[in-house]
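Read off the chains here:
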Amino acid sequence: MVYQDRGNRGEKLSSVKSTAVQYAILLMMLALATGLWKLQVLGASNFRELAQQNRIRKVPIMAPRGKLFDRENRLIVDNYPSVSCFLVREQNKNIDADLPIIAQGLHLDLEQLKATLRHYRAAPGYQPIPIKLDVTADEQAFIEAHRNELPELETIDEERRLYPRDGFAAHLIGYVGEVSEEDLNQARYAAYQPGDVVGKAGVEETYDQLLRGEDGSRDVIVDSHGREVGILGTDHATPGKDLKLTIDLDIQRAAEIALGDNNGAVVVMDPRNGEILALVSHPTYDPNAFAVRIHRDDWNKLITDPRHPLMNKAIQDQLAPGSTFKIIMSAAGMQEGVAQNMHVNCTGGGDFYGRFFHCDHHHGVLDIHEAIPMSCDTFFYTMAQRLGIDTISKYAVSFGLSQRTGIDLPNEMSGIMPSTQWEMKNYHQKYYAGNTISVGIGQGETQVTPIQLLRALSGLASDGHFVRPHTVGADQVPPDFRQAVTDSFPGSGDKTVPLNEDTWTITEGMAAATTPGLYHTAEGAHIEGVDFAGKTGTAQVVGSGDTHNKGGEHTPNSWFVGMVPRRNPEISVVVLQEHGDWGSNSAKIAQAIVTTYVNKKRLQDHNTLERAGINKPVEVGAIWSAPAPPGLKNPADLPQDDTLHLGHFLVNPAQAAVALAGKEARAESLFAALPLRRRERQP
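Residues numbered from 1 in each chain as written. Predicted model: local features only at pLDDT ≥ 70, side-chain atom pairs only at ≥ 80, totals over all residues. Heavy atoms only, no water.

Before going further, it helps to spend a moment on unusual backbone geometry. Following histidine 282, the chain continues into proline 283 via a peptide bond in cis, with omega recorded as 0°. Along the chain, proline 283 falls in the loop between β12 (275-282) and α11 (288-291). Between valine 564 and proline 565 the backbone carries a cis peptide bond, its omega angle lying at -10°. Assignment of secondary structure puts proline 565 in the loop between β20 (557-564) and β21 (571-577). (Helix = DSSP H or I, 4+ residues; strand = E, 2+ residues; numbered from the N terminus.)

This is the structure:
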C-alpha cells in the first residue's frame, strides 16, 4: 500500500509539471508573437527609416554668410568657394588604423588629428567631424583616389570668409571660428552644434544670428561602400543677411594710415546720430587666419604679445584721459556756476593740501576762456579743489564716464570715475581730498576708454545731446533684433543732459586750442578754413617721471578729441597713442583724418546731382548765346556772328524747375536745330 500511494503521487506530480510546461510554452509563444507583431506592425515605419538611412545619406549644404558693406555700399567682407573634408566614423569601424595615411594625404599633424577625434568622441557616430578646412586641389585628388580604401572621408562645398588684407578694420569687423565647448554651454548657442562656424568678435559676433543664414541638406543615395550613386532631393540653404555698416571706407583708410604703426586707437563718429564712421585699433591681426583654422603656434603668439593685438583698444583700453578731462571739468564748473568768473594766477603750479602741484608753464592770470586752449593745470587744480570729488564725479557720470556707451560691439569696458562712495566700496577707506587735485587734470584713479571719451565730449559740443554709438544702422535689422542688441549691450545710450548756456564757452576754448597761438596745445590739428575744435591730453603713466621718449614704457599716453564744427558737430574724432608722448602728436593724426572727411565733403557738395537732390543751391558753369529775335520761325536763320557768353553762378533747383516748366522741350528742340558748327563754337 505504501508503495502504491507513492506511485500515484508521482503520477499526479508529473501531470502538474506537464501542464505548467505547456502553459509556459504558450506564454512564450504569445510573447514571441507579440514581439513579432510589434516589430512588423508597430515598428515598421521606424525600421523602414533606418533601412533608408543605410541607403540614403544626408549631406549638409552650408549657408553662405552674409556680406558686409560700408555706408556707400562698397564691399568690405566677401566669401569665397571652399571645400572642407569631414570624417564619418560610421563608414569605417577601424578608423584608427587609417589615421596615419589620412594625416599624410591631407598634410595634417597626426597627433593633432588624433586630438580632434578625441574632442568629438562623445558625439554620435553619424556626425561628421571636420578634420581639414579649405582643402587644396591635390588633397581633393587624394580623397577621390582613395574612395574605396577610405570611405570615411567626405567633402562638403561651402563658402568661407574673405576679409580685407593687413588687418584692415579687423577689430570692428571681427572674425569667425569654430564654436567652442565653452560657447555651447551658453544659452545663446543652444541651437549650435560642435563644428559650427560662428562670429567671434566685432560685428561678426554681435550680428551672427543674421549673418549666418540657415543650412540646407542634400539626400544622396550611396552604395555599400558609402559611395554616392544618386540624389533623391535637395533642401536649399538660406543665405545670411547682408549688412551695410555705418563706416566710411575712405575715412577708415585715412584713420588706419594716420595711426600707422603706433599702438593705440582711433574712433570717428557722427555725433548727431552715433554712427561710427571709422574704428581702428593697433596693433591689429589678420582675421583671415581665423577663417580656416588658426594654428596653435599663431594663436599662442597673439595671446602672449605684450602689445595685445586681439584687444579692441577703442572700446577696451582703460587709461587716464589726461588734459582731455579738463573739458569735463569745465562743464561741471559751468553747471555749478564756479567757472564763469573764476580767475587764477598761474606761476608754474600751486600748493594744495600741503603739496605743490606743477604746471607746464607760467601762464599768469587767466580765466576759463584762456585756460582751455592753454591747458593750464593750475587753473583746473583750483577748480577741482572748489568743486570737490563728488561734484566732479556726479557730472562725469552724467556725461557717460564710468559706464559703457552701449556700442554694438562685444566686451566693451566701463572705465573708472572715483568718488567717496567708490573709494569706500573698493578700498574700504575714506577718500583723500588731495587726490581730487590730480583728478582735476585727468590723472589719478580716473580711467576712460576712447569711445567713452569721444561720446562725452561730443555730447557737450552738441548742447547736451549724448548718443549711443553703433556700427549697424537700425534700418538694417528687424526691430525685435535691434531691441535684443540694445538689451544685450546696456550702457549710457541716448541721453539729453540740460546744459548751462555758458557751456558754449567750452567749445570756443576748444576751437581756440586748434588755432596757432602762444601755448595753444592743439594747433597741430589746425586746418585752414575749417571750424575744427579740439583738446589734447598728455597722460602720465605709473612710474613715468619726466620721461618723454616716444614709444618707451614710461612715456605718457597721447590723447586728442576734436569735432567739426565747434557747435552741434557733424563729425568727431578721438585719437589715442599708447606711450605717444605729447597730445599734440595725436592732434596731427586727427588733422589728417578730418582733412580726408572735409575734402570728401567738399567734393560731394560740388556734385550737381546730389545737391539738386536735396534742394540746395547748385554751383553751375554755363555757356549760352543771346536769344533769337522775336518772331523767328527758322533757327537756321540766326545771325552767324551770334555771341557766346560765359557764366558761373548758383542756381536754386526748386526755382529753376518752376522757371523751366513747360519750356524744357522748346529749349531742347531749338538747340538741336542749331547748325553743328554753331554748337561746337568756342568762346
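Following the structure, the description resumes.
Helical geometry: 3.6 residues make up each α-helical turn, so side chains three or four residues apart lie on a common side. For helix α17 (residues 389-398), every residue scored as buried is listed here: Ile389, Ile392, Ser393, Tyr395, Ala396 and Ser398. Contacts made by the buried residues of α17 are with α14 (325-335), α16 (377-387), α18 (420-427), α19 (435-439) and β18 (495-496). Two residues or fewer past α17, glycine 400 is found with a positive phi of approximately 110°. (Buried < 20%, exposed > 50% of the residue type's maximum accessible area, 1.4 Å probe, protein only. Contact = heavy atoms within 4.5 Å.)

Let's shift gears to the packing of aromatic side chains. Scanning the model with the defined rule gives 13 aromatic pairs in all. A centroid spacing of 5.8 Å and a plane angle of 65° characterise the contact between phenylalanine 352 and tyrosine 381, whose relative ring orientation is edge-to-face. One end of the pair, phenylalanine 352, is in strand β14 (residues 349-352); the other, tyrosine 381, is in helix α16, and 29 residues separate them in sequence. With a relative accessible area of 6%, phenylalanine 352 lands in the buried category. A residue is classified by how much of its surface remains accessible, and tyrosine 381, at 4% relative accessible area, is buried. When the centroid spacing of 6.3 Å and the interplanar angle of 35° are considered together, the rings of tyrosine 395 and phenylalanine 399 count as tilted. (Phe/Tyr/Trp six-rings, centres within 6.5 Å; stacked < 30°, edge-to-face > 60°.)

Here we take up the environment of isoleucine 61. Structurally, the position occupied by isoleucine 61 is in strand β1 (residues 56-61). With a relative accessible area of 23%, isoleucine 61 lands in the partly exposed category. The contact partners of isoleucine 61, leaving out residues within four places of it in the chain, are Asp215, Gly216, Ser217, Arg218, Thr234, Asp235 and Ala237.

Reading across from one edge, β12-β11-β21-β20-β19 is the order of the five strands in this open sheet, with antiparallel pairing throughout. Of all the strands in the sheet, just β12 and β19 (533-539) have a single pairing partner and so form its edges. Adjacent strand axes in the sheet meet at a mean angle of 5° when their direction is disregarded. In this structure, β20 lies alongside β21, joined through seven bridges in antiparallel fashion. Looking at β21, one finds that valine 561 is bridged to valine 574. Against the sheet, helix α20 (residues 450-461) makes contact with β11 (264-270), β12, β20 and β21, and its axis sits at roughly 35° relative to β20, the strand it touches most. (Pairing = 2+ DSSP bridges. Axes fitted to C-alpha atoms, helices over the stretch in contact; angles between N-to-C directions.)

With that settled, consider the side chain of histidine 470. Along the chain, the position of histidine 470 falls in the loop between β17 (465-466) and α21 (479-488). Of the residues examined, histidine 470 reaches a relative accessible area of 15% and is grouped as buried.

Our focus in this paragraph is the pattern of salt bridges. According to the stated counting rule, one finds 26 salt bridges in the structure shown. Note that lysine 132 and glutamate 139 form a salt bridge whose closest N and O atoms lie 2.7 Å from each other. Both residues of the pair, lysine 132 and glutamate 139, count as buried. The salt bridge involving aspartate 377 is made with lysine 326; its shortest N-O contact spans 2.5 Å. One end of the pair, aspartate 377, is in helix α16; the other, lysine 326, is in helix α14, and 51 residues separate them in sequence. Here aspartate 377 falls in the buried class, since its relative accessible area comes to 9%. The class for lysine 326 is buried, based on a relative accessible area of 1%. Among the ionic contacts, a cluster of salt bridges with common partners joins Asp70, Glu72, Arg74, Asp248, Asp250, Arg253 and Lys600. (Salt bridge = Lys/Arg side-chain N within 4 Å of Asp/Glu carboxyl O.)

Take the nonpolar core next. Judged by nonpolar contacts, the single largest core of 100 residues is most densely connected at Tyr207 and Phe399. For tyrosine 207, the contacting residues outside a window of four places in its chain are Leu243, Asp408, Val472, Val477, Phe481, Arg482 and Val485. Among the nonpolar cores identified, the runner-up in size contains 26 residues, and Leu277, Val573, Val575 and Ile593 belong to it. (Core = buried A, V, L, I, M, F, W, Y, C linked by side-chain atoms within 4.5 Å.)

This paragraph deals with the confidence of the model for the protein chain. Caution applies to low-pLDDT regions: their predicted coordinates should not be interpreted in detail. Across the protein chain, pLDDT averages 83, with 81% of residues at or above 70. pLDDT under 50 marks residues 662-683. Its contacts with residues more than four places away, or in other chains, come to 20 contacts. (pLDDT = per-residue confidence, 0-100.)

Take a nonpolar patch on the surface next. On the surface, Val21, Ile25, Met29 and Leu32 cluster together into a nonpolar patch covering about 400 Å² of accessible area. In this structure, isoleucine 25 sits in helix α1 (residues 2-42). (Patch = residues over 30% accessible without salt bridge, like charges linked within 9 Å, V, L, I, M, F, W, Y side chains within 5 Å. Areas by Shrake-Rupley, 256 points an atom, 1.4 Å probe, with all protein chains shown as cover.)

What follows is about the packing of helix α3 (residues 95-105) against helix α4 (residues 110-119). Orientation of α3 relative to α4, taken along the N-to-C sense of each, is 135°, at an axis distance of 9 Å. Classified by the interaxial angle, the pair formed by α3 and α4 is oblique. α4 is crossed by α3, and the crossing has right-handed handedness. Along its contact with α3, which presents Ile95, Leu99, Pro100, Ile102 and Ala103, the element α4 presents Leu110, Leu113, Lys114 and Leu117. (Parallel < 35°, antiparallel > 145°, perpendicular 65-115°, else oblique. Left-handed = near helix turned anticlockwise from the far one by under 90°.)

What follows covers the environment of isoleucine 451. Looking at the element boundaries, isoleucine 451 is found in helix α20. A C-alpha to C-alpha distance of 8.9 Å links isoleucine 451 and glutamine 316, two positions 135 residues apart in sequence. When sequence neighbours within four positions are dropped, the list of residues in contact with isoleucine 451 reads Val267, Ile276, Ala314, Ile315, Thr405, Ile407, Glu412 and Pro469.

Our focus in this paragraph is the pairing of β14. With four bridges connecting them, β14 and strand β15 (residues 355-358) associate as antiparallel partners. Within β15, the position partnered with aspartate 351 by the bridge is phenylalanine 356. Following β14, the chain reverses through two residues before pairing antiparallel with β15; tyrosine 353 in that reversal takes a positive phi of roughly 55°.

Orientation of α14 relative to α20, taken along the N-to-C sense of each, is 40°, at an axis distance of 10 Å. Relative to α20, the element α14 lies oblique. Regarding α14 and α20, the two cross each other, and that crossing is left-handed. Contacts between α14 and α20 pair Ile327, Ile328 and Ala331 from the former with Ala456, Leu457 and Leu460 from the latter.

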